[in-house]
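Now for the letters of each chain:
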Amino acid sequence: EGVMFAHEDLTNNMWVNPYEVAGDRKDNDGNGYVDDIRGWDFAGNNNSTYDGSGDDHGTHVAGTIGAMGGNAKGVVGVNWNVKIITCKFLGSNGGTTANAIKAVDYVTNLKTAKNLNIVATNNSWGGGGFSQGLKDAIDRAGAAEILFVAAAGNNGTNNDATASYPSGYSSSNIIAVAAIDNAGGLASFSQYGATTVDIGAPGVSIWSTLPTTK
């Protein structure tokens, strides 16, 4: 989903494309996307990376990663010194694997073409079967030394027995993450797998940023 880039606890940690001129209706950086100032909405095929309260999950995840610290407001993210790039491919009608591929390649291109210091993408999403095209995109990111951090899934099943994607691809740059509760145990809803899931991270009753009317 998208991210509320104007949220008071996120705004200073949101990425702004230094290679684009806002509003000139030109593809200044030559990546195929016009005025991609804060990333791109692949679901809507436009540069509107925040479309209202429906982008609550993306905004919540962004805050978990990088809500501002030391500002006496809201919550605090894991990393206070971060820039978050919005690559939205899930909208009100869901999303497609084709657009997921475009989103992954968008980030990879920013690193390979512009030499931006991009270390990881967050992929708190799942669904769909095996896609060679998506695996190839993840591998291209890996070749650029970009980690692909993926949710293990929320169906409580064993990923060793039944593959879950995208966390289940064999790409070496994937880190598959299960959800744990505040006691350090596996969350009741979290998928798991001795060989297909790498780590657990807090995922129950997490306080974070959400869309506001400000």
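Preceding block: the structure.
Source: prediction; values computed, not measured. (Residues numbered from 1 in each chain as written. Predicted model: local features only at pLDDT ≥ 70, side-chain atom pairs only at ≥ 80, totals over all residues. Heavy atoms only, no water.)

A. Structural context of the pattern of salt bridges. In total, this model carries 5 salt bridges according to the counting rule given. Overlapping salt bridges bring together Asp51, Asp55 and Lys88 as one network. (Salt bridge = Lys/Arg side-chain N within 4 Å of Asp/Glu carboxyl O.)

B. Structural context of the packing of aromatic side chains. Counting across every chain of the model gives 8 aromatic pairs. On the numbers, 5.5 Å between centres and 80 degrees between planes, the contact of Tyr33 with Phe42 is edge-to-face. There is no split in this pair, since Tyr33 and Phe42 are both buried. One Lys or Arg, Lys114, reaches over the ring of Tyr19 and ends 4.9 Å from the middle of that ring. (Phe/Tyr/Trp six-rings, centres within 6.5 Å; stacked < 30°, edge-to-face > 60°. Buried < 20%, exposed > 50% of the residue type's maximum accessible area, 1.4 Å probe, protein only. Lys NZ or Arg CZ within 6 Å of the ring centre and 35° of its normal.)

C. Seen up close, the sheet that holds strand S5 (residues 174–180). The strand order across the open sheet built from 4 strands is S3-S4-S5-S6, with neighbouring strands paired in parallel fashion. With partners counted over all chains shown, the strands left at the sheet margins are strand S3 (120–123) and strand S6 (199–202), one partner each. Between one strand axis and the next, the sheet turns by 30 degrees as a mean value, whatever way the strands run. Here strand S4 (residues 147–151) pairs with S5 via 4 bridges, running parallel. Residue Ala151 lies in a different strand from S5, and its bridge partner there is Val177. (Pairing = 2+ DSSP bridges. Helix = DSSP H or I, 4+ residues; strand = E, 2+ residues; numbered from the N terminus. Axes fitted to C-alpha atoms, helices over the stretch in contact; angles between N-to-C directions.)

Worth remembering: the numbers are spatial, not functional.
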